[in-house]
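Summary of the model geometry
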Amino acid sequence: MTQDEMKKSAAVKALEFVKDDTIVGVGTGSTVNYFIDALATKKDRISGAVSSSEESTKRLMALGIEVFDLNNIDAIDVYVDGADEITEHMHMIKGGGAALTREKIVAAVAKTFICIADESKQVPMLGKFPLPVEVIPMARSYIARELVKLGGDPVYRQGVVTDNGNVILDVHNLDIINPKQLESDINALVGVVTNGLFAHRCADILILGTALGPKIIK
Ligand code: 5RP
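Residues numbered from 1 in each chain as written. Predicted model: local features only at pLDDT ≥ 70, side-chain atom pairs only at ≥ 80, totals over all residues. Heavy atoms only, no water.

In the nomenclature of an unreviewed UniProt entry, the chain is known as Ribose-5-phosphate isomerase A of Thalassotalea piscium. Heading Function (unreviewed entry) of the UniProt record for the chain holds this comment: "Catalyzes the reversible conversion of ribose-5-phosphate to ribulose 5-phosphate." In the Sequence similarities (unreviewed entry) part of its UniProt record, the chain is described as follows: "Belongs to the ribose 5-phosphate isomerase family." (UniProt positions renumbered as here; feature names shortened; annotations may be inferred.)

Right under this line is the structure:
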């Protein structure tokens, strides 16, 4: 099985968790794109979606799935999204696609967070994948200096502007021994919008695409 086939198998499996007449939270990325395609096959049985990025919104709408403004929604039953890394504790690094802030907001509202990923994303410890941090543009250099103090090597993601009009610093070489503490410490820096550690609001269910098929981990 290729990595893409594993992504697709996890994404298709996630459809089983989508209840009729609910609003579905939809993440961002190549694995989620497979989920959106699968979701379109039952679009007449769901109420619609809340999206975590302009990219996913476009894809959802192109397939005829209604996209709601989160401000007009009281509840999201499930939020389905990918990850760049995930541990056995369901802590994640996300934001490879620069959508981390909206992803974190939709995840906060959702009752259940379902992470869909191919098996390469499962890691014993977070941090090999550089940690994305969304930053208000004028604070970029200041935040970069603060991230160095925390032991990381921040790299400005050139040419990328987030859906919120901000920039991304990718932080290499961090020792992420305590993901919740580091998530809080980075978010406390003035000028940081949010960082890609999803430890406080981690996944509830992981659907891992493996060579033997999708595996559900709770
Ligand atoms: C986007 C994300 C994605 O979920 C993450 O980057 C994984 O992407 P892919 O499914 O393409 O591997 O956090 O901001």
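Here the narrative resumes, following the displayed structure.
Take the pairing of strand β13 (residues 213-217) next. Judged from the five bridges that link them, strand β12 (residues 205-210) and β13 form a sheet pairing that is antiparallel. Note that in β13 the partner of I207 across the bridge is I216. The antiparallel pairing of β12 with β13 creates a hairpin that spans two residues between the two strands. (Pairing = 2+ DSSP bridges. Helix = DSSP H or I, 4+ residues; strand = E, 2+ residues; numbered from the N terminus.)

Turning our attention to the domain arrangement of the chain. Segmentation of the chain into domains returns domain 1 (3-123 + 200-217) and domain 2 (131-196). The straight-line distance from the C-alpha centre of domain 1 to that of domain 2 is 24 Å. Of all residues in domain 1, the largest losses of buried area upon contact with domain 2 belong to L100, K104 and H200, amounting jointly to 40% of the total for that side. Our count for the contact surface shared by domain 1 and domain 2 stands at one salt bridge. Between K104 and E183 there is a salt bridge, with the nearest N and O atoms lying 2.8 Å from each other. Inspection of the domain 1/domain 2 interface yields 13 residue pairs in polar contact (both at pLDDT 80 or more). Where the side of domain 1 that touches domain 2 is concerned, the elements lending two or more residues are β5 (92-93) and α4 (100-109). Per-element tally for the side of domain 1 that touches domain 2: the top contributor is α4, with four residues. Residue composition of the side of domain 1 that touches domain 2, by class: four nonpolar, seven polar and four charged. (Domains from an automatic or database assignment. Buried area = accessible area lost by both parts, 1.4 Å probe. Salt bridge = Lys/Arg side-chain N within 4 Å of Asp/Glu carboxyl O. Polar contact = N/O pair within 3.5 Å; in protein donor to acceptor, adjacent residues only side chain to side chain. Nonpolar A, V, L, I, M, F, W, Y, C, P; charged D, E, K, R; others polar.)

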